Every structure is written in structure tokens, then in C-alpha cells.
Amino acid sequence: MIRLEGITKRFPGSPRPAVDGIDLTVPEGTICAVIGPSGCGKSTTLRMVNQLIEPDAGRIWVADRDVTGIDPVVLRRGIGYVLQGVGLFPHRTVAQNVATVPGLLGWTRARTAARVDAMLDLVGLDPARDGPRRPDELSGGQRQRVGVARALAADPPVLLMDEPFGAVDPVARDRLQVEIGAILRSLRKTVMIVTHDLDEAMRLGDQVALMRDGRIVQTDAPARLLAHPADAFVAGFVGQDRTLRRLALIPAGTLASAGDAGGAPNVTPETSVRDALALLLASGGDHLAVRGDPPAILTLAAIRAEAARA
Ligand SMILES: Nc1ncnc2c1ncn2[C@@H]1O[C@H](COP(=O)(O)OP(=O)(O)OP(=O)(O)O)[C@@H](O)[C@H]1O
Ligand SMILES: [Mg+2]
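Cut-offs used in this document
Residues numbered from 1 in each chain as written. Chains lettered and ligands numbered in written order. Predicted model: local features only at pLDDT ≥ 70, side-chain atom pairs only at ≥ 80, totals over all residues. Helix = DSSP H or I, 4+ residues; strand = E, 2+ residues; numbered from the N terminus. Buried ≥ 20, exposed ≤ 12 C-beta atoms within 10 Å, placed from the backbone. Contact = placed C-beta atoms within 7 Å. Domains from an automatic or database assignment. Pairing = 2+ DSSP bridges. Axes fitted to C-alpha atoms, helices over the stretch in contact; angles between N-to-C directions. Near = placed C-beta within 6 Å. Nonpolar A, V, L, I, M, F, W, Y, C, P; charged D, E, K, R; others polar. Expected span 1.5 Å × (residues − 1). Arc of directions from axis to C-beta.

**Remarks on the overall build of the protein**
- Looking only at helices and strands, the protein has 14 helices and 14 strands in total.
- Counting only C-alpha atoms and orienting by the principal axes, one finds that the protein spans roughly 65 × 50 × 30 Å.
- Every one of the 310 residues in the protein was classed for burial, and the buried ones make up 38%.
- Here the analysis covers contacts within the protein between residues at least 6 apart in sequence; of these, 61% occur between residues at least 24 apart.

**Here we look at the domain arrangement of the protein**
- Entries for the protein in the domain assignment read domain 1 (2-240) and domain 2 (250-308).
- Each of domain 1 and domain 2 has a C-alpha centre, and the two are 36 Å apart.

**Considerations on the sheet that holds strand β4 (residues 57-62)**
- The 4 strands lie next to each other as β2-β1-β4-β5, forming an open sheet whose pairing is antiparallel. Of all strands in the sheet, those bounded by a partner on one side alone are β2 (19-26) and β5 (65-66).
- In terms of strand pairing, β4 meets β5 through 2 bridges, oriented antiparallel. From the neighbouring strand, Val62 faces β5, where its bridge partner is Arg65.
- Contacts between helix α1 (residues 42-49) and the sheet are confined to β1 (2-9), β2 and β4, with β1 contributing the most and set at about 120° to the helix.

**Some points on the sheet that holds strand β3 (residues 31-35)**
- Reading across the sheet, the 6 strands line up as β6-β7-β8-β3-β9-β10 and stay open at both edges, with mixed pairing between neighbours. Each edge of the open sheet carries a strand with a single partner, namely β6 (79-82) and β10 (215-220). Each neighbouring strand pair of the sheet contributes to a mean axis angle of 15°, computed without reference to strand direction.
- With 4 bridges connecting them, β3 and strand β9 (residues 207-212) associate as parallel partners. Bridged to Ala33 within β9 is Val208.
- Packed on one face of the sheet, helix α7 (residues 140-152) meets β6 and β7 (158-162) and runs near 165° to β6.

**Concerning the environment of Leu24**
- For Leu24, the location among the structural elements is in strand β2.
- A sequence separation of 18 residues divides Leu24 from Gly6, and the C-alpha atoms of the two residues are 8.8 Å apart.
- Here Leu24 is in contact with Leu4, Ala209, Ile216 and Thr219, once residues within four sequence places are set aside.

**Some details on the site of ligand 1**
- In the vicinity of ligand 1 lie 13 residues, with Phe11, Ala18, Ser38, Ser43 and Thr44 positioned nearest.
- When the residues that make up the shell around ligand 1 are grouped by side-chain class, the tally is 3 nonpolar, 9 polar and 1 charged.

**Notes on unusual backbone geometry**
- Cis geometry is adopted by the peptide bond preceding Pro294, which originates at Asp293 and carries an omega value of 5°.
- Turning to its location among the elements, Pro294 is positioned in the loop between β13 (287-290) and β14 (296-299).
- Its identity as a non-glycine residue notwithstanding, Ala63 has a phi of 50°, on the positive side.
- Within the element layout of this structure, Ala63 appears in the loop between β4 and β5.

**Focus on helix α5 (residues 109-122)**
- With 14 residues, α5 should cover 20 Å at 1.5 Å per step; its first-to-last C-alpha distance of 20 Å lies within 8% of that length.
- Buried within α5 are the following residues: Thr112, Arg115, Val116, Met119 and Leu120. The arc that holds the buried residues of α5, viewed along the axis, is 130°, so those residues lie on one side. For α5, the exposed residues lying more than 90 degrees away from the buried face are Ala110, Arg111 and Asp121.
- Tucked into the core, α5 has its buried residues touching α3 (94-98), α4 (100-104), α6 (127-130) and α7.
- Note on α5: the residue one or two positions beyond its end, Gly124, has a positive phi of about 85°.

**Remarks on the environment of Arg246**
- Positionally, Arg246 belongs in helix α12 (residues 242-247).
- Since 23 C-beta atoms lie within 10 Å of it, Arg246 is described here as buried.
- Taking the C-alpha atoms as reference points, Arg246 and Leu120, 126 residues apart in sequence, are found 34 Å from one another.

Structural data, given as C-alpha cells:
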């Protein structure tokens with residue numbers, strides 16, 4: 001659905017390319033998280049997909065169309081985007097902000113109004129209360145939600161997001177990640193999301209592309225990236241606690257076995273193994289009950305065996 005082939009960009013006056021021969025495929029309906037240190041070329045890569053920046057070499061396809069041949073204005077109307085540092089229009093209301101692309105596309109007033117209400121509702125805002133407000137009357141997290149609603153308004157199949165939750169506190173960020181991630185998945189959007197928050201990448205991405213100095217060092221599913229870092233740089237980036245991060249991606253149910261847990265504390269099968277482990281350590285026992293029919297048990301030994309698999 002999004003495909004980059006040999007994409008390169010060198011800014012004038014710079015000794016080396018900001019983006020250096022990138023290949024990346026994001027299948028339809030999946031989320032690709034692009035991650036890496038500051039200045040490694042993440043934003044430049046994203047901006048080339050909707051032609052805010054023109055690549056020097058390589059080709060980019062969006063929905064089987066070579067975007068280099070398309071009028072950038074038309075292209076951008078078909079791609080929703082939330083870009084780093086590009087906020088809402090401050091002098092327009094929340095509703096007017098969300099209505100931006102429908103307006104450009106010439107939708108009728110009634111259709112646009114209905115769509116704006118539906119989008120605000122979708123991202124957890126109240127159309128009646130929040131629609132008439134100005135952006136500066138909202139919290140950071142609410143503004144971020146409006147940005148996502150605006151990006152989704154014309155129902156584009158493709159979404160580009162550059163640090164969309166960058167400006168919010170960790171607690172709000174946590175909730176936004178979960179909620180917006182669920183929305184993007186339920187709508188089956190094809191998404192490239194740039195972040196430098198590893199947990200955010202792991203949580204949102206079907207695949208994670210890790211960049212360094214303009215190149216992609218590794219593209220893999222989150223659990224694979226944590227279990228099998230391609231080199232020392234990747235291992236360093238994903239950190240000493242990569243085993244714990246990986247356990248956070250595994251549901252307790254997948255490691256459970258048949259058995260009687262006695263009076264041990266219980267978790268749902270969907271609870272992450274990391275959370276289950278925390279509960280297990282706090283309880284002082286060596287196993288937990290996993291709710292279900294029939295009930296099962298999760299043992300410390302099973303967690304240890306999984307942790308050792310990497
Ligand atoms: N318009 C520009 N003109 C010249 N150099 C630029 C321009 N935009 C980016 N660069 C340079 O290209 C490199 C990559 O920048 P980019 O913004 O893509 O990094 P990034 O990975 O998004 O970083 P961050 O995490 O800090 O947002 C940097 O060295 C940056 O200084
Ligand atoms: Mg950036």
C-alpha cells in the first residue's frame with residue numbers, strides 16, 4: 001500500500017544524505033512505526049511520501065500509484081497527515097479545523113457537519129461542547145485528538161503521523177496511544193507513524209523500522225526486533241530491558257498450561273506476561289491462575305523459559 005524503493009535525499013550544503021537509499025513496504029491496513037535517534041531522517045522520509053519534500057532518487061508508491069507523477073495537492077488530499085510541529089489552525093474552531101479537507105474537496109455543508117461530529121465523537125471529544133472551541137481552549141491531549149480527527153475527516157486510506165503524541169504528558173500519551181491505535185486498526189488504515197518512543201512504536205506498530213544515519217537498520221515485527229536485534233546498534237537502542245519489553249507484547253494466555261492454580265492470584269488471558277510477572281513477584285508464589293474455561297496456570301518456569309528464548 002505504501003512502498004519506498006531506494007529513496008534518497010541530500011539537502012543542499014549538507015555533506016551526507018539525510019535519507020540514504022531507503023526501502024520500505026507497508027502492507028495495506030497495517031501500521032509501520034518508524035523510529036530512531038534525533039536527526040536520523042524519520043521526518044524527511046515521511047515528508048517525501050506526501051511530497052512535502054522531493055526525493056533526489058528512488059520511487060514511492062501509494063496505493064499502487066507512483067506518487068512522483070501525481071499533482072502534490074491532489075495526492076495530499078488522499079493522505080491524512082499529522083505532522084511534527086504543524087499544529088491546528090489557531091484562529092479556526094475545532095470543527096472548522098476538522099472540516100479542512102472536506103472543505104477542499106467541496107463536500108456539502110450538511111455532509112461536512114455530520115462528518116465533523118462523527119470524527120470528534122470517534123476520538124473521544126464532544127462535538128457540541130468542543131466543536132465551537134478554539135484550539136487554545138483545549139488541553140494538549142485534546143488538541144492531539146483534534147489533529148487525528150482532522151487527518152481522518154476525508155476518510156483517507158493512508159495516514160502519515162509524525163510524533164502525533166509528542167506534546168502530551170506520559171499519562172495522556174498512554175491513553176492516546178491505546179485509543180488512537182485501536183481506532184486506526186478498526187478502520188484498517190495504512191499508517192506510517194514516526195516516533196522516538198520505543199514503547200509507542202512497539203505498541204502501535206505491526207512492524208517497526210529502526211533508522212540510523214539516513215538508513216533503515218532493521219524492519220521487523222516488534223517481538224522479533226526485541227528478540228533478534230540485527231546488530232549491536234539495534235540491541236543498544238532497544239535496551240537492556242528488551243526481554244521485559246518483549247514479555248509486555250505476549251498475552252499471558254499463550255504461555256498458560258492446564259492445571260489447578262489453587263488459591264493463587266488470577267489474571268485474564270489477555271494480560272501481558274510482563275504485568276503477570278509483576279503480580280507473580282509481588283505475590284511471592286511461583287504461579288498464577290489464568291481465568292477461562294477451563295482455568296489454566298501460568299508458572300514462573302514458563303515465563304523464564306520464554307525469556308530465555310531470545
Ligand atoms: N529542510 C532542511 N534543510 C536542510 N537540512 C535538513 C532539512 N530538514 C532536515 N534536515 C537535516 O536532515 C537530517 C534529518 O532530519 P529529520 O528531520 O528527517 O530527522 P528526524 O529523524 O525526524 O529527527 P527528530 O527525531 O529530531 O525529529 C538532519 O540532519 C537535519 O538537520
Ligand atoms: Mg522529526
